[in-house]
Amino acid sequence: MTTTKAGWVLPTGIPGLLSFTPKFEQVLTNLQAALTAVDPSASPGPTWYAPVVPRANIDRAQYAESFPQLLGSVHALRTGENPEAQDPTAAASETDVVLAPAICYSVYPQIADSTVEEAHFFDAVGHCYRHEATSEYGRFRSFRMREFVVVAGQEEAWQWRDAWIARTEELFTRLGLKISVQQASDPFFGPGDRFMRTSQIQQDLKYEFHTQVYDGDPGTAIASANCHKDHLGERFAIGFADQGPAHSSCMAFGLERTVSALVHAHGDNLDDWPEIG
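Each value, and the rule that gives it
Residues numbered from 1 in each chain as written. Predicted model: local features only at pLDDT ≥ 70, side-chain atom pairs only at ≥ 80, totals over all residues. Heavy atoms only, no water. Pairing = 2+ DSSP bridges. Helix = DSSP H or I, 4+ residues; strand = E, 2+ residues; numbered from the N terminus. Buried < 20%, exposed > 50% of the residue type's maximum accessible area, 1.4 Å probe, protein only. Polar contact = N/O pair within 3.5 Å; in protein donor to acceptor, adjacent residues only side chain to side chain. Contact = heavy atoms within 4.5 Å. Axes fitted to C-alpha atoms, helices over the stretch in contact; angles between N-to-C directions.

Chemist: Hey, could you run me through the pairing of strand 6 (residues 93–99) in this one?
Modeler: The side chains of a regular strand alternate between the sheet's two faces. Pairing geometry for strand 4 (residues 52–54) and strand 6, over three bridges, is antiparallel. Paired with Val52 across the two strands is Leu99, which belongs to strand 6. Bridge analysis of strand 5 (residues 73–76) against strand 6 gives three bridges, and the strand direction is antiparallel. Each bridged residue has a counterpart across the sheet, and for Ala76 the counterpart in strand 6 is Ser93.

Have a look at this one:
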């Protein structure tokens, strides 16, 4: 892997799990600044969220019903007020948290069980985990995600999503990335969920930004623009004015994937790169 030889990442011996050098992290920091600059909500920067989320929030969002194979649970070997009295050979038990599969699941609970009168905008970032079965470079199990989220009325949520598609195309073009914007469905649905994939495409809900992150890469999604309609508004009991359940959209950036795409596009010498942040 060229990024390993050039001092960008360090292997851990586990597929999909890498360590990142100061060289890589400096580019990621600059990328974060570029994302903050293009956000029209005038966010001062993202709120960092914990790498774990309450299991109750994931259950409420129905994540495991669609993507059970990706969810990582947190188990504890010892529980109770007197851990010394516990049997260290006993089986670990599930805790009340799971590894965050996406950052936005830490956002919606902030306004759950309420009615909002105007659009709410969120700028969020954090570490995520998905138990990916494949091992090609870019298919990280542990990764960082930057998400811009809106909770609003139906029309505003759609318009916000479409504006972010155009804004992201402009940003990636400025950064020198050759991007293909593709209508998509979530790849997590199994064979029994073909209807869900077809419905997602027919309803124009998801677009992905594909580019190369390594030599020979047929194209990897480094960002996605998503409209959830009122699904999460219903699940988290968020109303919008007098319109019923709120609608939501998000613009998600895979930070490690995007940095990897920049390395592939511009090489190892940062002096040859366009200005990032």
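Moving on from the model shown.
Chemist: I'm lost on the side chain of Thr211 in this one. Help?
Modeler: Note that Thr211 resides in strand 11 (residues 206–211). Relative accessible area serves as the criterion here: at 9%, Thr211 is assigned to the buried category. For Thr211, the side chain forms a polar contact with the main-chain oxygen of Lys178, separated by 2.9 Å. Beyond its immediate sequence surroundings of up to four residues, Thr211 is in contact with Lys178, Ile179, Asp217, Gly219, Thr220, Ile222 and Ala261.

Chemist: What should I look at first to understand the sheet that holds strand 4 in this one?
Modeler: Whenever strands of a sheet pair, they do so through backbone hydrogen bonds, lying parallel or antiparallel. Reading across the sheet, the three strands line up as 4-6-5 and stay open at both edges, with antiparallel pairing between neighbours. The sheet is open, and its two edges are formed by strand 4 and strand 5, each paired on a single side. Averaged over all pairs of adjacent strands, the angle between strand axes in this sheet comes to 50 degrees, irrespective of strand direction.

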